[in-house]
Amino acid sequence: MQEPLFGSVDEVAERLAGAGYLASTAVATTVFLADRLGKPLLVEGPAGVGKTELARALAAATGSELVRLQCYEGIDEARALYEWNHAKQLLRITAGRDEGWEQARDEVFSEEFLLPRPLLKAIRNPDPTVLLIDETDKADVEVEGLLLEVLGDFQVTVPELGTITAQRRPFVLLTSNATRELSEALKRRCLFLHLDFPSPELERDIVTLKVPGLDARLADSVIRVVGALRTMELRKAPSIAETVDWARTLLALGADTLDEQVVETSLGVILKYQSDHRKAADELRLDTLLS
Amino acid sequence: MTGSALPERLVEFVGSLRDHGIPVGPGETVDAAAAVAALGLADREQLRAALAATVLRRSGQRATFDALFDLYFPVAVGAAGAAADQPRDATELRDALVAALAAGDEDRLRALAAAAVEQFGRYGSFGEGGSGGGGANGMRGWSAYQALDRVRPEALLNRVLAAIRTDESAFGEAIARTEARSRITRYREAVQAEARRRTAELRGRDRIARYAVPPQTDLVGFTTASRAQLAELRRTIQPLSRKLATRLASRRRRARRGQIDLRRTLRRSLATGGVPMRPALRDRRPGRPELVLLCDMSGSVAGFAQFTLLLVQALSDQFSKIRSFAFVELTDEITGLIAAGSADPEGLARRILTQAKLTRWGMSSDYGGSLASFADGWPDAVGPRTSVLILGDGRTNGGDPNLDAVRRIAERAKHVHWLNPEARTSWGTGDSAALEYARVVPMHECRNLRQLTRLVTELLPG
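The structure displayed is predicted, hence computed values, not measured ones. (Residues numbered from 1 in each chain as written. Chains lettered and ligands numbered in written order. Predicted model: local features only at pLDDT ≥ 70, side-chain atom pairs only at ≥ 80, totals over all residues. Heavy atoms only, no water.)

### What to know about the pairing of strand β7 (residues 415–420) of chain B
Residues and elements named next belong to chain B. Among the six residues of β7, five are classified as buried, and the element is accordingly described as predominantly covered. In the sheet, strand β6 (residues 386–391) pairs with β7 via five bridges, with the strands oriented parallel. In the strand pairing of β7, Ser-387 is matched with His-415. Traced from β6 through helix α17 (residues 403–412) to β7, the parallel crossover comes out right-handed. (Buried < 20%, exposed > 50% of the residue type's maximum accessible area, 1.4 Å probe, protein only. Helix = DSSP H or I, 4+ residues; strand = E, 2+ residues; numbered from the N terminus. Pairing = 2+ DSSP bridges. Right-handed = clockwise from strand over helix to strand, strands pointing away.)

Given below as structure tokens:
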């Protein structure tokens, strides 16, 4: 077992805050446990609540290298694990035309021609690594099988080279928007964290941190309006990322208080659907101003 | 909690989670114990997060988990809160509540919830000392209903608004109103949780856990769901339709690759002296799945109908080729209404009933007439590439089930599936023609979200 990264839950929160990520108790606790128990951490939740951001902050806070595997439909072993640099191999073969088969074969399948992809890279890295497997739900089921193998033993077998075992276990973070149910087997190997919208206090702190120069009273109003919007049944409730965007917009607009006019003109920043826009305007009585 | 009591408590807790449909294996229990060992028991919120991280696997389980966690790892034993600032009667309590609601002070709200339960929630024969140590006979416990009935938090809305009010704008007012409402809801939940906790102390955790903790949303029956549960279901339906869409899309995409077109490959190989350097792949035949939905909108399946409408609506966002029909006594196409009604899912059912021609006389369903009018009225809606979903309980009110019409639809369609919101055991009882229909087309019990999810992901053809 290698040295744990963090000494206590509070330390996790502190160091993440130092990296610009304000973590709730749940987040800090789960990160601490993932580190202590040596398990991958599966983070699920709506878009824009800071799943990917958490990985970035973790890397920054622990001085690790961030290796990112972005999943998408059709991603395969060659993209996730490793592939051979065929072009270079061909060049090598053409360059040494008169050598024997044996020699050429040994040369061509060597370290020099291996292109490590994120998973292999994370495993071989002797330095501390945070491995982010982003949007795992977008990948096909077969990739999950591959992940199971890699994350279970932290080793990869390249037939021509042999088995490569992790010298240092990376801190693994998987994210998912839950568009597809991940396999039970994968979930069982992970700690599960459902990241949701933060409490108003935490969100205010995040906004003030990300948008310096925002008036405290304006920040308060922003959080209140966003909170009210989240209680409505919208197709896409505003997330932290959108709150921050909105705060930036307001700052750029030079608004110092939040009134109907300002909200009306800038609502598009936080609401992405026409129907949501109409509904919110309706419930917030933005029309009274115009009538 | 002593060292030996903890594993026992943990096992009890896990057992209770299982009873509520959250599958927790022994491996997870061991993880949970390891997590507790790494963290210690000092911080309750950390303990909650640790257990959630180790035993939960999906987000819909959280509400049930929280309710059970509060039962098995309670904040306090006996009456909670300091006695000093306890309000003495209902008036004082309501005044304090107004202040706490206006300030949004969560801790104070919880303390006041405890106070309300302590003062007004008691029922049954407690000893005269009031501490619950008296006679153990008879039914006694703590009632959230009774406490809330005395406090009436909803009636405080205007007072809270008056306390919050800072500016006179309609906009500020609307914001304050939504805030106050959600705080009142949280207060209600706090009272309910507190009453559960106190009752559990009296009558044993297991019993209370079994009866008083509501099931997970995906196990709530469509026809019996309350308003709040329907709203919750509505939130879960969106990802489900997206899930379905990605599923169908990926299947179609997979079908595209592979398949070498031999003729074209040979033709191409002529350019390279007969060596097939560039294999030509067969072009994809765009086989877009077509979906036709036939929904029973009669009174008896109102909850289910509401819900299927939401599903239909969610699906029509994701696909271009979906036609929806509703029926009570007659069938009418509602595709346009659904497309237009995306802003207001709640009013959709009402508008369908008023704008589409579904009835002749009453509100009771006539399957025979409806199916016949569908088969005759829209012969072009169902073709060899169409999947038809019929949603209804198959209760014909004694009328002719018209199996022939279903047979005709099934002959023309690629697949027909019938989703029935009734329990399998009551199919064929009374006026239900479900079993007769089930002989013609495959029929599936679909009473809650979990069953629907399974159906959607396993049955619907790509």
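### Digging into the sheet that holds β7 of chain B
Residues and elements named next belong to chain B. In space, the six strands of this open sheet follow the order β5-β4-β3-β6-β7-β8, with mixed pairing throughout. Edge positions in the sheet fall to β5 (331–333) and β8 (443–445), since each has one partner strand and no second. Put simply, the sheet's adjacent strands are angled 20° from each other on average, direction ignored. Bridge analysis of strand β3 (residues 290–296) against strand β4 (residues 322–327) gives six bridges, and the strand direction is parallel. Considered in β4, the bridge of Cys-295 is made with Ala-326. (Axes fitted to C-alpha atoms, helices over the stretch in contact; angles between N-to-C directions.)

### Let's talk about the nonpolar core
Among the nonpolar cores identified, the biggest contains 59 residues, and Leu-119, Ile-133 and Leu-174 of chain A together with Phe-13, Leu-51, Phe-65 and Phe-73 of chain B are the most heavily contacted of them. If you tally residues by element for this core, the top one is helix α4 (residues 62–72) of chain B, at six residues. Discounting chain neighbours no more than four positions away, the residues touching Leu-174 of chain A are Pro-40, Leu-41, Leu-42, Val-43, Ile-133, Thr-136, Leu-147, Leu-151, Leu-186 and Cys-190 of chain A. (Core = buried A, V, L, I, M, F, W, Y, C linked by side-chain atoms within 4.5 Å. Contact = heavy atoms within 4.5 Å.)

### A closer look at the confidence of the model for chain B
Residue and element names in this part refer to chain B. Of all residues in chain B, 77% attain a pLDDT of 70 or more, and the chain-wide mean is 77. The element-level mean pLDDT for chain B is lowest in helix α11 (residues 227–256), coming to 63, with helix α3 (residues 44–55) highest at 92. Between residues 127–137, whose pLDDT stays under 50, and residues either more than four places distant or in other chains, the model counts eight contacts. (pLDDT = per-residue confidence, 0-100.)

### Observations concerning the sheet that holds strand β9 (residues 191–194) of chain A
Residues and elements named next belong to chain A. Taking strand neighbours across the sheet as the criterion, the five strands line up as β2-β5-β8-β1-β9 in an open arrangement whose pairing is parallel. Either end of the sheet is taken by a strand with one partner, and the two such strands are β2 (65–70) and β9. Between one strand axis and the next, the sheet turns by 20° as a mean value, whatever way the strands run. Taken together, the four bridges between strand β5 (residues 129–134) and strand β8 (residues 171–176) define a ladder with parallel strand orientation. Its bridge partner being in β8, Leu-132 is matched across the sheet by Leu-173.

### Here we look at the pattern of salt bridges
Between side chains of opposite charge, a pair can form as their charged atoms come close. Residue and element names in this part refer to chain B. Using the criterion set out here, one finds 34 salt bridges over all chains in the structure. With a shortest N-O distance of 3.9 Å, Arg-44 and Glu-45 are connected by a salt bridge. Looking at Arg-44, the relative accessible area reads 22%, which means it is partly exposed. With a relative accessible area of 37%, Glu-45 lands in the partly exposed category. With its nearest N and O atoms 2.8 Å apart, the salt bridge here joins Glu-333 to Arg-323. Within this pair, whereas Glu-333 is found in strand β5, its partner Arg-323 is found in strand β4, the two being separated by 10 residues in sequence. Here Glu-333 falls in the partly exposed class, since its relative accessible area comes to 25%. In the salt-bridge network here, residues are joined through shared partners; they are Arg-44, Glu-45, Arg-48, Arg-62, Asp-66 and Asp-70. (Salt bridge = Lys/Arg side-chain N within 4 Å of Asp/Glu carboxyl O.)

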